[in-house]
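Now for the letters of each chain:
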Amino acid sequence: MDSTTDIFNAVGRVRDPELDATLSELGMIRGVRRDSDGVVVEIALTTRGCPLRGKIEADATEAARRAGARDVRVEISILEDDERAELMRKARALAQSRAPETSVPRRAPVIMVASGKGGVGKSSVTANLAEALARRGLAVGVLDADIWGFSLTRLLGTKGEIEVRDGKMRPVQSPRAQGSLSLLSMGQLADERRALMWRGLIVQKAVAQFLQDADWSDVDTLLIDTPPGTGDIPMTLARLLPHLGTLLVTTPNSAAQDVAARTGDFVVKSNLRLLGVVENMSAYRCDCGALHAPFGHGGGERLAHELGTDLLGQIPLDAAISSANDDGRPVARDTHVAFDQLANALWPRAENLVPQGCSARLLDALDRAVGH
Ligand SMILES: Nc1ncnc2c1ncn2[C@@H]1O[C@H](COP(=O)(O)OP(=O)(O)O)[C@@H](O)[C@H]1O
Ligand SMILES: [Mg+2]
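A. Layout of the sheet that holds strand β4 (residues 38-45). Across the sheet, 3 strands lie side by side as β3-β4-β5; this open sheet has mixed pairing. This sheet does not close on itself; its edge strands, each paired only once, are β3 (29-35) and β5 (72-78). Here the average twist between neighbouring strands, direction ignored, is 20 degrees. Across 7 bridges, β4 lies against β5 in parallel orientation. When the bridges of β5 are listed, V41 appears paired with V74. Relative to β3, helix α1 (residues 3-12) is tilted by about 145 degrees, and along the sheet it contacts β3 and β4.

Right, dumping it as structure tokens:
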């Protein structure tokens, strides 16, 4: 084996981060040759101006160097139409053979709302964030992955039961949200069906079913409310959903912050992506103008600092929030400063979860064109 073959093989193992396959699997390496200045690696991309071009070039250069090449140049060309169609076919086949299929579109960021313990307001934050994002014009899906302690049906005030069409569960539209908001929750199964599911299934399986046997194809983003702690559910979610990021909820006191820190640690160690921290039940100003902080100060800020992430919002402790939750009419269904600020800070980060590349968009367009 001569050394250009080694380099060819090494570069072939570089992954296209968007299509999650290697350059060799995708047939994107045109060749490796030597000239008087060193080694030239020829790579063909799907489109000109692909935002991932820089990353692919850098990874390919690095791989070639590791395989012994000293002076490396990467030459980029663009695939012809028929070559691109072939690449997309391969990419789709690979994706199908690897990832368990869910109907969540590739362009839709998935936001998992988590915390170490119960009662800090995960479900309240999920419901209000969903309303705030829907009001911005996004089609928002909500998955209640708290299988035992489901609460989103009550919080969002959705009454309907899950309908099954073409073998897929249809998320139930919230009729009163300002925009498009749909929900799947254990709370939407009639008691007998729920009992059946509880008897027959382990919890993880139920979550997987809500993703794999449901039709989420219309959503622009999916929010997932989770049970407290670091059980298997976040891992199941991460395995099924490549574009998943975690929003950590904590309260201002240090006990909650410690527990949340453990969750944050788990998120980082498990290679899950952390979007940031939201502090709930923060200080509030009463009518007399004084600031009250029954749960203390600074927990969110400290936690964010500890985890090397940002505090994306502070939601005040407010009786109006809890009574609106109880009425199935989250405050953020109408303008609500704290939740709107949280949505504004979070959304650009969530969008970053989805590779802003050329191929994912191309794949979506292709899927639509052939009616998948
Ligand atoms: N910012 C807030 N102000 C007042 N009450 C809140 C606030 N956030 C949540 N709550 C209330 O606190 C309780 C626990 O919230 P919940 O969202 O169910 O927590 P978790 O999902 O973390 O267990 C609920 O009754 C909820 O309405
Ligand atoms: Mg909850």
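B. Summary view of the pattern of salt bridges. A full pass over the atoms with the stated rule returns 17 salt bridges. A salt bridge links R30 to E83, with the nearest nitrogen and oxygen atoms 2.9 Å apart. Pair noted here: R30 is in strand β3 and E83 is in helix α4 (residues 81-98), with a separation of 53 residues, a long-range link. The exposure class of R30 is partly exposed, given its relative accessible area of 41%. The shortest N-O distance in the salt bridge between D340 and R135 comes to 2.7 Å. Of this pair, D340 sits in helix α13 (residues 337-351) while R135 sits in helix α5 (residues 122-135); the two residues are 205 residues apart in sequence, bridging distant segments of the chain. The class of D340 is buried, set by a relative accessible area of 18%. Taken together, the shared-partner salt bridges connect R33, E42 and E75 into one network.

C. Fine view of the site of ligand 1. Lining the immediate environment of ligand 1, one finds 16 residues, of which G119, K122, S123, S124 and N325 sit closest. G119 is positioned such that a nitrogen or oxygen atom in its backbone is 2.7 Å from an oxygen atom of ligand 1. The separation between a nitrogen atom of ligand 1 and a polar main-chain atom of D318 is 3.0 Å. In isolation ligand 1 has 560 Å² of accessible area, and contact with the protein removes 78% of it. For the shell around ligand 1, the secondary structure elements donating two or more residues are α5, β14 (273-282), β17 (311-316) and α12 (319-326). Among the residues forming the shell around ligand 1, the class breakdown is 6 nonpolar, 8 polar and 2 charged.

D. Structural context of the pairing of β14. Summarising burial for β14: 8 of the 10 residues are buried, a large majority. Pairing of strand β13 (residues 244-250) with β14 involves 6 bridges; the strand directions are parallel. Bridge pairing in β14 places T250 opposite E279. Both β14 and β17 contribute to a ladder of 5 bridges, which runs parallel. Within β17, the residue paired with E279 across the bridge is Q314.

Calculation rules
Residues numbered from 1 in each chain as written. Chains lettered and ligands numbered in written order. Predicted model: local features only at pLDDT ≥ 70, side-chain atom pairs only at ≥ 80, totals over all residues. Heavy atoms only, no water. Pairing = 2+ DSSP bridges. Helix = DSSP H or I, 4+ residues; strand = E, 2+ residues; numbered from the N terminus. Axes fitted to C-alpha atoms, helices over the stretch in contact; angles between N-to-C directions. Contact = heavy atoms within 4.5 Å. Salt bridge = Lys/Arg side-chain N within 4 Å of Asp/Glu carboxyl O. Buried < 20%, exposed > 50% of the residue type's maximum accessible area, 1.4 Å probe, protein only. Near = heavy atom within 4 Å. Polar contact = N/O pair within 3.5 Å; in protein donor to acceptor, adjacent residues only side chain to side chain. Areas by Shrake-Rupley, 256 points an atom, 1.4 Å probe, with all protein chains shown as cover. Nonpolar A, V, L, I, M, F, W, Y, C, P; charged D, E, K, R; others polar.

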